[in-house]
There are 2 protein chains.
Amino acid sequence: MRMGRPREFDAEMALDQAMEVFWRHGYEGATIAQLTEAMGINPPSLYACFGNKEGLLKAALDRYTKLRGAWMEEVVAAATARDVAERMLMGIADKQTDPANPPGCLLVQGGIACGTGSENVPFELAARRAQNEDQLRDRFVRAKAEGDLKSTSDPAALARYVSAVSVGMGVMASSGADREALRQVADVAVQAVEAQSARK
Amino acid sequence: MRMGRPREFDAEMALDQAMEVFWRHGYEGATIAQLTEAMGINPPSLYACFGNKEGLLKAALDRYTKLRGAWMEEVVAAATARDVAERMLMGIADKQTDPANPPGCLLVQGGIACGTGSENVPFELAARRAQNEDQLRDRFVRAKAEGDLKSTSDPAALARYVSAVSVGMGVMASSGADREALRQVADVAVQAVEAQSARK
DNA sequence: CCACATCTGTAGTGAACACTACATATTTGG
DNA sequence: CCAAATATGTAGTGTTCACTACAGATGTGG
């Protein structure tokens, strides 16, 4: 098997840069010129490595969810449903206002509505958000089984609620909300989960 | 004063059609060709009437917020902070899944992230969302003064919370969540406001 | 050192975009 | 009926977009 000339850039480092461009400008707003410049490569290298613009987005999303996957494990490891919600939402308040990243969440900023030819981008993002929601739901199912949540609680609805608040906070962060403002939202939001807890 | 040839289309009806295109595809995803076709006019008529694409968006946003303004009045007319939140969020669950409109909310679908040259579109949308939030905050300030909310409650934080949930629900609606799912989210969300109520 | 495979940089490609020049049509004021 | 003013439809304009042809560079296997 012949090997040919080796690639001169690091694919993961390049992906990190692409991720940031999509994060800041959205899928449609990000241009190949911006992406290649941020990645430090030329268009042919991008297309040889990732197929096309949408392939690059998917690779960036994979990397994003992989990085966040470890954190989500910490979140669902909290002792109670209430603590899961608090750890999740407070963590999001911090992450979405971390100056090391663009504000908000890539799974929202990436593209909520797209034009003709990119219709599946919003679906792709929604599918990744749904993964987080499923993880939360499973955790809340367990919490209900453990008697941590009321017997009348709906774990799926609770997970969807926490997911909705997360998304809403992401949009606010991207439009300038600061960390303190998001933490206040998280603080109020947790009280709804608390109201579903079996023990006061 | 010379009058010239009168316009052959109704500006408000044309705006309604443009609004729907922006709502479905976002600002960047909507093309002038799609807009003119939906509006039933040709590009020169569009530019003569609205200036440019961004001017058309602003006009559509004005119309959208005007239409929703009446409904917001009903929302804040509810008797208690809790009822305000419930009326708001349940109404949003219904509106965002109304088959007469595209799913979700124009103030979110319009554009959360945009590319170079459209940077102020997200700001424009955020400003309109902030108007609703201010309206809610004023209502919650009153609720606190009336003793309806606890003396420890933060009306601004509560308003920001309800606004965040609304936005999150909008994103969910646009990615396929049905009315029942959104109502469940609203139901949970209201409990946080209930927890801030003075009387159980 | 050679044949081949893969990568890289330059320099484009056609298509789609927002926007407009211009000729024509339809109104009002005199 | 004429002149000025505004609207309309046709048919473009230049620009930017995602994407690629191609030639040269750099590696591996024999």
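The structure displayed is predicted, hence computed values, not measured ones.

The rules we used
- Residues numbered from 1 in each chain as written.
- Chains lettered and ligands numbered in written order.
- Predicted model: local features only at pLDDT ≥ 70, side-chain atom pairs only at ≥ 80, totals over all residues.
- Heavy atoms only, no water.
- Salt bridge = Lys/Arg side-chain N within 4 Å of Asp/Glu carboxyl O.
- Buried < 20%, exposed > 50% of the residue type's maximum accessible area, 1.4 Å probe, protein only.
- Near = heavy atom within 4 Å.
- Polar contact = N/O pair within 3.5 Å; in protein donor to acceptor, adjacent residues only side chain to side chain.
- Helix = DSSP H or I, 4+ residues; strand = E, 2+ residues; numbered from the N terminus.
- Nonpolar A, V, L, I, M, F, W, Y, C, P; charged D, E, K, R; others polar.
- Least-squares fit on C-alpha atoms with pLDDT ≥ 70 in both.
- Contact = heavy atoms within 4.5 Å.
- Buried area = accessible area lost by both parts, 1.4 Å probe.
- 1 Å grid on protein atoms, 1.4 Å probe; cavity = no way out; pocket = protein on both sides within 12 Å on 5 of 7 lines; lining within 4 Å.
- Points joined across faces, edges and corners; volume = space filled by probe spheres on them.

**Student:** What is the right way to look at the pattern of salt bridges in this model?
**Tutor:** Two side chains bearing opposite charge may form a pair once their charged atoms approach each other closely. All names here are of chain A. Scanning the entire structure with this criterion turns up 28 salt bridges over all chains. Of the charged contacts, one joins R5 and E8 as a salt bridge, the two residues approaching to 2.7 Å between their closest N and O atoms. The same class applies to R5 as to E8, namely exposed. The structure contains a network of salt bridges with shared partners spanning R82, D83, E86 and E194.

**Student:** Explain the protein's contact with DNA strand C to me, please; I cannot follow it from the model alone.
**Tutor:** Looking at DNA strand C, there are 25 residues lining it, with E8 and N42 of chain A together with I32, Y47 and K53 of chain B nearest. Considering DNA strand C, the proportion of its atoms within 4 Å of the protein that are sugar or phosphate atoms stands at 73%. A distance of 3.0 Å separates a phosphate oxygen of DNA strand C from a polar side-chain atom of S45 of chain A. Here A30 of chain B contributes a backbone N or O atom positioned 3.2 Å from a phosphate oxygen of DNA strand C. Ranked by the residues each element gives to the surface near DNA strand C, the list is headed by helix α3 (residues 43-50) of chain B, at 3 residues. Looking at side-chain class alone, the surface near DNA strand C contains 12 nonpolar, 6 polar and 7 charged residues.

**Student:** Would you explain the relation of the copies chain B and chain A in this entry?
**Tutor:** In this arrangement, two copies of a chain are superimposed by a rotation about an axis accompanied by a shift along the axis. Overlaying chain B with chain A gives an RMSD of 0.0 Å, the required rotation being 180 degrees about an axis along which the chain moves by 0.0 Å. Both copies of the chain, as the preceding transformation shows, are related through a two-fold rotation axis. Interface overlap between copies: 100% of the residues of chain B at the interface are likewise at the interface in chain A, consistent with a symmetric, same-surface contact.

**Student:** Looking at this structure, how should I read the interface of chain B and chain A?
**Tutor:** One widely used convention gives an interface's size as the accessible area the parts lose upon coming together. On the side of chain A, 39 residues touch chain B, which itself brings 39 residues to the contact. Buried surface at the junction of chain B and chain A, both sides included, amounts to about 3000 Å², of which 64% is carbon and sulfur. Looking at the side of chain B facing chain A, the largest losses of area belong to I112, R160 and V188 of chain B, adding up to 17% of the total buried there. Secondary-structure elements contributing two or more residues to the side of chain B that touches chain A are α1 (11-29), α7 (120-145), α8 (155-174) and α9 (179-194) of chain B. Its residues placed into classes, the side of chain B that touches chain A shows 19 nonpolar, 14 polar and 6 charged.

**Student:** Help me understand the protein's contact with DNA strand D, please; the structure alone is not making it clear to me.
**Tutor:** In the region of DNA strand D, 25 residues are neighbours, and I32 of chain A together with R5, E8, N42 and S45 of chain B sit closest. Backbone atoms, meaning sugar and phosphate, make up 69% of the atoms of DNA strand D lying within 4 Å of the protein. R5 of chain A places a polar side-chain atom, nitrogen or oxygen, 3.0 Å from a base nitrogen of DNA strand D. Here a phosphate oxygen of DNA strand D sits 2.9 Å away from a polar atom, N or O, in the side chain of S45 of chain B. At the level of secondary structure, the elements contributing two or more residues to the surface near DNA strand D comprise α3 (43-50) of chain A together with α3 of chain B. Examining the composition of the surface near DNA strand D, we find that 3 residues originate from one element, α3 of chain A, more than from any other. Classifying every residue of the surface near DNA strand D gives 12 nonpolar, 6 polar and 7 charged.

**Student:** Honestly, the layout of surface pockets in this entry has me stumped. Any pointers?
**Tutor:** Summary: where empty space remains is shown by rolling a probe the size of a single water molecule over the atoms. Estimated volume of the second largest pocket: approximately 330 Å³. What lines the second largest pocket is a set of 17 residues, and nearest its centre among them are I112 and P122 of chain A together with R24, Q109 and S174 of chain B. Those elements that provide at least two residues to the lining of the second largest pocket are α7 (120-145) of chain A together with α1 and α8 of chain B. The class makeup of the residues in the lining of the second largest pocket is 8 nonpolar, 6 polar and 3 charged.

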